[in-house]
Amino acid sequence: MAGFRTLSSGLRALQPGAFGADPSGERMARIRRSPHFKDGVFQNPGGPARTRPSGSTLDFAKVFFDKDTRPRRVPKGTVPVHSTTLADIARPPATGLRLTWMGHSSVLAEIDGRRVLFDPVWGERCSPFSFAGPKRLHPVPLPLAALGPVDVVVISHDHYDHLDMPTIKALAGTDTLFAVPLGVGAHLEHWGVSADRLRELDWHETTKIGGLTLTATPARHFCGRGLRNTQHTLWASWVVAGDGHRIYHSGDTGYFDGFKEIGAEHGPFDATMIQIGAYSDFWPDIHMTPEEGMRAHLDLQGGPEHGPMLPIHWATFNLATHPWADPGEGTLAAARAVGAGVALPRPGEPFEPMAETVPSEPWWRGVALDPAGARAAGEALAGAGIKTVSDAAAVAQADTVSDGGRSAGKGTEDPETLPAS
């Protein structure tokens with residue numbers, strides 16, 4: 001038995017710090033008391049969500065290595081990033097609310113005199129390793145140190161493309177507070193964030209920070225970072241309300257009826273930030289298509305007449321097999337079909353959702369390979385009915401590796417990678 005303990009200790013020593021830490025002690029006791037924790041894991045709203053579609057490795061390889069569609073998964077040129085400067089965000093927003101999409105799901109929200117940073121990922125890769133995993137397709141719009149003081153950092157869940165260890169370690173040296181779903185605080189404490197700066201919430205729980213009310217709301221997804229996926233950390237969407245404005249960030253989620261309930265209780269919103277990328281028919285329960293994202297936006301808003309939708313979770317990392325431009329084109333088409341407002345800023349471009357105009361130019365078309373054909377290509381693949389390998393989601397993303405001690409590293413130096421979830 002001593003030999004097994006030595007081997008186990010040696011394996012733990014080889015695990016990268018980016019794996020974080022499992023909840024324990026009172027944190028684990030609180031998790032077990034959660035009404036959303038059952039049979040040893042957190043449960044999704046609307047019933048179990050498929051995180052590992054069935055199929056064969058060969059079938060998935062046919063999709064992933066398809067020579068006609070593979071080139072469309074990355075931009076053909078330089079992504080037109082707006083180089084955000086301190087001058088862009090130094091003056092207060094005229095309307096009291098300003099959003100700056102930093103790429104993927106990272107958004108700086110300036111709301112009623114406070115600054116909220118959602119899912120900050122400044123790393124070069126969303127991976128536990130510096131040499132492997134999904135690589136950035138565009139640079140960050142500005143250095144993290146140039147962002148200025150932040151009142152609260154909000155984390156939606158612990159996957160690598162939303163919870164980035166180097167970014168958190170950098171922010172740990174500031175005075176900012178952190179609002180995170182239940183269990184995620186274990187990772188942050190492991191990386192140097194003191195417990196008194198953590199606000200760890202279950203769904204429907206609320207905390208107040210500097211005049212803002214932050215509420216963790218349900219989402220339909222999953223969690224995990226390391227070799228052993230314990231499913232002991234929660235995932236969440238977030239509502240942030242100030243004296244005069246309220247906003248919603250979806251995190252990662254599949255579509256479910258709960259959006260209507262969130263909207264009825266907390267909406268309508270001056271802006272929603274909705275995940276519309278890294279979707280697939282291969283894992284439909286945990287990520288939304290652009291059309292589903294727009295449906296979620298309307299559910300949250302109670303109709304198209306309220307604040308605009310900011311599409312997030314796309315353009316920065318290649319995390320699925322759909323064309324790179326597909327989420328942008330799909331969101332634009334879905335918004336036009338229902339007459340809803342949608343903001344389409346370049347990464348790093350600040351805008352005020354309550355202003356008379358918001359960015360609306362399809363900026364991606366200048367650097368996308370055949371943007372007009374992107375949607376058609378994606379739909380053709382989906383229509384072929386090809387199913388992915390059952391473990392492709394976990395193996396491909398630089399997120400979770402679970403069960404059986406498979407390697408935690410995914411991807412190569414090529415930014416082209418397999419699915420995100």
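This structure is a prediction, so every number in the text was calculated from the model and none was measured.

Asks: Describe the packing of aromatic side chains, listing the residues and the values that go with them.
Replies: The tally for this structure, following the rule as stated, stands at 15 aromatic pairs. Summarising the aromatic geometry, the rings of tryptophan 101 and tryptophan 314 are spaced 6.0 Å apart at their centres and angled 15° between planes, so their arrangement reads as stacked. Linking tryptophan 101 in strand S3 (residues 97-103) with tryptophan 314 in the loop between strand S14 (309-312) and helix H9 (326-338), this pair joins segments that are 213 residues apart in sequence. Here tryptophan 314 falls in the buried class, since its relative accessible area comes to 4%. Of the aromatic side chains, those joined through ring pairs into one cluster are Trp101, Trp314, Trp324, Trp363 and Trp364.

Asks: Please provide a residue-by-residue account of the pattern of salt bridges, values included.
Replies: If you walk through the whole model with that rule in mind, you get 9 salt bridges. One salt bridge connects glutamate 200 with arginine 27, and the closest N-O pair in it is separated by 3.0 Å. In this pair, glutamate 200 sits in strand S8 (residues 198-201) while arginine 27 sits in helix H2 (residues 25-33), placing the two residues 173 residues apart along the sequence. As far as the burial class goes, glutamate 200 and arginine 27 line up, both buried. Here glutamate 205 ties to arginine 30 by a salt bridge, and the two come within 2.7 Å at their closest N and O atoms. Taken together, the residues span a long stretch of sequence, with glutamate 205 in the loop between S8 and strand S9 (206-209) and arginine 30 in helix H2 at a distance of 175 residues. Here glutamate 205 falls in the partly exposed class, since its relative accessible area comes to 31%.

Asks: I'd like a description of the nonpolar core, backed by residues and values.
Replies: Judged by nonpolar contacts, the single largest core of 68 residues is most densely connected at Leu99, Val116, Phe118, Leu214, Trp238, Ile247 and Trp324. Counting residues in hydrophobic clusters, the runner-up holds 38 residues, among them Leu142, Val153, Ala172 and Phe282.

Asks: Give a description of empty space enclosed by the protein that names residues and reports values.
Replies: Taken as a whole and assessed by the stated rule, the structure comprises 3 cavities of 30 Å³ or more. Each pocket or cavity is described by its volume, and for the largest cavity that value is around 110 Å³. As for the largest cavity, its lining consists of 16 residues, and the residues nearest its centre are Ala278, Ala315, Phe317, Leu319 and His322. Per-class residue counts for the lining of the largest cavity are 10 nonpolar, 5 polar and 1 charged.

Asks: Give a description of unusual backbone geometry that names residues and reports values.
Replies: Here glycine 267 and proline 268 are connected by a cis peptide whose omega angle stands at -5°. Secondary-structure assignment places proline 268 in the loop between helix H7 (258-266) and strand S13 (271-275). Phi at histidine 104 takes a positive value of approximately 55°, unusual for a residue other than glycine. Topologically, histidine 104 is positioned in the loop between S3 and strand S4 (106-111).

Cut-off values and rules
Residues numbered from 1 in each chain as written. Predicted model: local features only at pLDDT ≥ 70, side-chain atom pairs only at ≥ 80, totals over all residues. Heavy atoms only, no water. Phe/Tyr/Trp six-rings, centres within 6.5 Å; stacked < 30°, edge-to-face > 60°. Helix = DSSP H or I, 4+ residues; strand = E, 2+ residues; numbered from the N terminus. Buried < 20%, exposed > 50% of the residue type's maximum accessible area, 1.4 Å probe, protein only. Salt bridge = Lys/Arg side-chain N within 4 Å of Asp/Glu carboxyl O. Core = buried A, V, L, I, M, F, W, Y, C linked by side-chain atoms within 4.5 Å. 1 Å grid on protein atoms, 1.4 Å probe; cavity = no way out; pocket = protein on both sides within 12 Å on 5 of 7 lines; lining within 4 Å. Points joined across faces, edges and corners; volume = space filled by probe spheres on them. Nonpolar A, V, L, I, M, F, W, Y, C, P; charged D, E, K, R; others polar.

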